[in-house]
Amino acid sequence: MPFQSSVRYDTGSGIPGEFAYDGPRRSEPGILQAAGAVGLAYSEAPAAPGFWSPGLVANSKRFAILTSPKQYASYGTTAGGPLAPTMILAANSEAEFTSMGQIWVSTATANSKPGDLVYMVNATGAIVTAAVGAAAPANSTLIAGAVVAPKPGSASPSLIVVTLNG
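These notes cover the structure that comes with them.

Conventions we followed
- Residues numbered from 1 in each chain as written.
- Predicted model: local features only at pLDDT ≥ 70, side-chain atom pairs only at ≥ 80, totals over all residues.
- Heavy atoms only, no water.
- Salt bridge = Lys/Arg side-chain N within 4 Å of Asp/Glu carboxyl O.
- Buried < 20%, exposed > 50% of the residue type's maximum accessible area, 1.4 Å probe, protein only.
- Helix = DSSP H or I, 4+ residues; strand = E, 2+ residues; numbered from the N terminus.
- Core = buried A, V, L, I, M, F, W, Y, C linked by side-chain atoms within 4.5 Å.
- Contact = heavy atoms within 4.5 Å.
- Pairing = 2+ DSSP bridges.

## Topic: the pattern of salt bridges
Applying the stated criterion across every chain, the model contains four salt bridges. For the salt bridge of aspartate 22 with arginine 25, the shortest nitrogen-to-oxygen distance reads 3.8 Å. Take aspartate 22: its relative accessible area is 73%, and that puts it in the exposed class. A salt bridge links arginine 62 to glutamate 28, with the nearest nitrogen and oxygen atoms 2.4 Å apart. With a gap of 34 residues between them, arginine 62 in the loop between β4 (51-54) and β5 (63-67) and glutamate 28 in strand β1 (residues 26-32) connect regions that are remote in the sequence. One salt-bridge network, held together by shared partners, links Glu28, Glu44 and Arg62.

## Quick notes on the nonpolar core
One recurring pattern in soluble globular proteins: nonpolar side chains tend to sit buried together. Counting residues in each nonpolar core, the largest one holds 13 residues, and the members touching the most others are Val105, Val118, Ile127, Ile143, Val162 and Leu164. Only β7 (94-107), β8 (117-121), β10 (140-148) and β11 (158-165) provide two or more residues apiece to this core. With residues near it in sequence (within four places) discarded, valine 162 still touches Gly101, Gln102, Ile103, Val105, Val118, Ala146 and Val147. Listed in part, the ten residues of the second largest apolar core include Val38, Ala64, Tyr72 and Ala95.

## Re the pairing of β8
Bridge count between β8 and strand β9 (residues 127-130): four bridges; the pairing is antiparallel. Its bridge partner lying in β9, methionine 120 is registered against isoleucine 127. Here β8 folds back onto β9 in antiparallel fashion, the turn holding five residues, of which glycine 125 has a positive phi close to 85°. Strand direction decides the pairing type here: β8 and β10, joined by four bridges, are antiparallel. For leucine 117, the partnering residue across the bridge sits in β10 and is valine 147.

Written out as structure tokens, the structure reads:
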């Protein structure tokens, strides 16, 4: 066996919904109005403060990412049974929503670059990005103050770090 001649990028870093770096954070507890996955964007219901739904809620003014995946009990899946791994939390679960910090997320946007703007898909809360000055991705809403941090993605889907500035 020959000696190693190259060092490749370690793609095993980060889990969607985890904090990427130390720094200021702003998180708060809330209740999921519908089942949702850790690492997606959520909107707070304007008529029911403290209740969050994946994607865009009409007239919502607050957006956050569901974080801290290791603190939730996993009840498995219907198809895989009670021990099947899942990042999806059931409706009416208490969860942690973060509006400021640097968070690992998965995106379907290929080649996200540091400084790109961050959007959420209105129907699902999935994270998508676009360069500053480029057209917004279809059926998406800008997350104000959110940018791609200096850990860009390369392929699609890719794991990136999003900086939320509250």
